[in-house]
Amino acid sequence: MFRTRRLRKTENIRRLVRENKLSVDDFIYPLFIEEGTGIETEIPSMPGINRYSLDTISKELDEVVALKIPAVLLFGIPSKKDDEGTETWNDNGIMQQAIRFIKKNYPSLYVITDVCFCEYTSHGHCGVIHDNDVDNDATLVNLAKQTVSHAKAGADMVAPSGMMDGAIAMMRESLDNTGFANLPIMGYSVKYASGFYGPFREAVDSAPSFGDRRTYQMDPSNRDEGLREATFDDEEGADILMVKPALSYLDIIRDLKNNFDRPIACYNVSGEYSMIKAAAEKGWIDGEKVMMESLLSMKRAGADIIITYFAKEAARLLLKS
Ligand code: PBG
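Remember, predicted model here, so these are calculated numbers, not experimental data.

Secondary structure summary: the protein chain contains 11 helices and 12 strands in total. For 321 residues, the compact-globule formula gives about 20 Å, and the C-alpha radius of gyration of the protein chain, at 20 Å, lands near that figure. Considering only C-alpha atoms, the protein chain reaches an extent of 65 × 45 × 40 Å along its principal axes. Within the span of the protein chain, comprising 321 residues, buried residues form 54% of the whole. Long-range contacts, defined here as pairs at least 24 residues apart, represent 75% of the contacts in the protein chain between residues at least 6 apart. A total accessible area of about 14,500 Å² is found for the protein chain, and carbon and sulfur atoms account for 49% of it. Looking at the protein chain, you have 38 positive and 49 negative side-chain charges, and the mean spots of the two groups are 11 Å apart.

As structure tokens, this is what we get:
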């Protein structure tokens with residue numbers, strides 16, 4: 001009889017035949033940086049995750065570096081918003097200040113910026129509004145300005161999350177034309193219109209004031225379309241392709257892994273974090289175990305890189321083991 005249990009008998013044989021392993025090297029840790037001073041506000045639906053101002057964020061960055069997490073993904077929360085999100089390309093905006101602060105004080109920490117408008121627009125949409133919808137091509141013009149401004153401030157990588165068509169090509173061209181040919185782009189290539197972003201929108205105050213994001217983010221029903229989206233980003237020159245959210249979209253992660261020879265990232269989003277935290281707080285699940293199991297599932301699905309609010313907690317466990 002074929003006995004699969006022979007190779008499961010002890011921890012050491014299980015170690016030898018283990019196919020996938022998580023590592024601190026896999027993680028990117030998102031950070032919420034708010035304009036102002038003395039800010040350290042816990043996000044109610046994301047226990048353990050705070051919004052920081054630049055004068056309070058050092059202890060968080062010290063921890064990230066001590067845990068050997070390679071990279072952070074920055075989200076800016078500006079003190080003023082307007083129709084177009086003009087603060088996004090202000091060379092002295094909160095994002096640009098944050099990039100300069102981190103690169104000066106933590107030069108080896110890899111700084112990735114989220115390039116979007118929804119935290120900066122008064123209506124909460126990811127671009128310029130015309131006729132009650134986001135105008136794709138008008139948004140691309142502003143996206144180029146924002147991208148170059150992040151690059152000038154010293155970002156190591158830029159990551160557009162707005163799901164505008166042609167975003168990667170526009171960014172690549174504007175970076176190449178301004179002396180940043182070596183700056184990589186991580187595409188939020190396959191990003192779904194998901195209910196799992198709820199806690200994030202509360203965290204950065206970016207919920208749309210009318211309508212929703214279904215005219216630019218993908219329909220959760222679609223799988224083949226994900227390959228098409230990723231193909232566009234790949235051909236336009238994205239260096240890394242991302243799937244978002246992660247847990248409900250493991251099939252998409254595997255599709256990308258099988259079809260593209262680029263590093264594949266996934267974004268383990270806010271709602272996925274909150275669900276585990278909430279159930280663990282109630283004592284309904286073992287929070288640490290479920291956290292590691294879900295991160296591992298992303299790796300097994302094919303993610304080379306995992307963007308996760310669990311990065312510090314998981315890193316602590318991995319360094320212990
Ligand atoms: C902005 C953006 C969102 C997230 C990352 N960038 C929210 C959205 O599209 O509404 C979600 C991150 C998370 O839920 O953790 N475009």
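This part covers the pattern of salt bridges. The tally for this structure, following the rule as stated, stands at 19 salt bridges. Note that E34 is salt-bridged to R51, the shortest N-O span being 2.8 Å. Residue E34 is located in strand 1 (residues 27-34), and its partner R51 is located in strand 3 (residues 50-52); the two are separated by 17 residues in the primary sequence. Look at E34 and you get buried, because its relative accessible area is 17%. R51 gets classed as buried once you look at its relative accessible area, which sits at 16%. With a shortest N-O distance of 2.8 Å, E63 and R316 are connected by a salt bridge. Of the two residues, E63 sits in helix 2 (residues 58-66) while R316 sits in helix 11 (residues 311-320), which places them 253 residues apart along the sequence. With a relative accessible area of 28%, E63 lands in the partly exposed category. Judged by relative accessible area, R316 falls into the partly exposed class, the value being 37%.

All chains considered together, the criterion is met by zero disulfides. Unpaired in terms of disulfides, C116 finds its nearest cysteine sulfur in C126, a separation of 3.6 Å.

With 12 residues, helix 9 (residues 270-281) extends 16 Å from end C-alpha to end C-alpha; this agrees with the ideal 16 Å at 1.5 Å per step. Among the residues of helix 9, those classed as buried are S270, G271, E272, Y273, S274, I276, K277 and A279. On its buried side, helix 9 packs onto helix 6 (198-204), strand 11 (264-268), helix 10 (287-301) and helix 11. Of the residues flanking the end of helix 9, it is G283, one or two places downstream, whose phi is positive at about 80°.

A few words on the site of the ligand. Surrounding the ligand, one finds 18 residues, the nearest of these being K191, R201, K244, S270 and Y309. Residue Q217 places a side-chain N or O atom 2.8 Å away from an oxygen atom belonging to the ligand. Y309 is positioned with one of its side-chain polar atoms (N or O) 2.6 Å from an oxygen atom of the ligand. When the ligand sits alone it has 400 Å² of accessible area, and the protein chains cover 100% of it.

Below, the discussion takes up unusual backbone geometry. Most peptide bonds are trans, and most residues other than glycine sit at a negative phi. Residue P245 is bonded to the preceding K244 through a cis peptide linkage, with omega at -10°. Here P245 is to be found in the loop between strand 10 (240-244) and helix 8 (250-259). With a phi angle near 65°, N132 is a residue other than glycine that sits in the positive phi range. Mapped onto the elements of the fold, N132 is located in the loop between strand 6 (129-130) and strand 7 (133-134).

This brings us to the nonpolar core. Ranked by internal contacts, the top residues of the largest apolar core, which has 101 residues, are F32, L74, M186, L256, Y267 and L295. Apart from the residues within four sequence positions on either side, L256 is in contact with V190, G226, L227, A230, L241, V243 and I264.

Residues A167, I168, M171, R172, S174 and L175 constitute the buried set of helix 5 (residues 167-177). Where helix 5 is buried, its residues contact strand 5 (110-115), helix 4 (136-153), strand 8 (157-160), strand 9 (186-191) and helix 7 (224-236). Once helix 5 ends, the next one or two residues include G179, with phi positive near 90°.

The rules behind each value
Residues numbered from 1 in each chain as written. Predicted model: local features only at pLDDT ≥ 70, side-chain atom pairs only at ≥ 80, totals over all residues. Heavy atoms only, no water. Helix = DSSP H or I, 4+ residues; strand = E, 2+ residues; numbered from the N terminus. Rg over C-alpha atoms; globule rule 2.2 N^0.38 Å. Buried < 20%, exposed > 50% of the residue type's maximum accessible area, 1.4 Å probe, protein only. Contact = heavy atoms within 4.5 Å. Areas by Shrake-Rupley, 256 points an atom, 1.4 Å probe, with all protein chains shown as cover. Lys, Arg positive; Asp, Glu negative; His and termini not counted. Charge placed at Lys NZ, Arg CZ, Asp CG, Glu CD. Salt bridge = Lys/Arg side-chain N within 4 Å of Asp/Glu carboxyl O. Disulfide = S-S within 2.5 Å. Expected span 1.5 Å × (residues − 1). Near = heavy atom within 4 Å. Polar contact = N/O pair within 3.5 Å; in protein donor to acceptor, adjacent residues only side chain to side chain. Core = buried A, V, L, I, M, F, W, Y, C linked by side-chain atoms within 4.5 Å.

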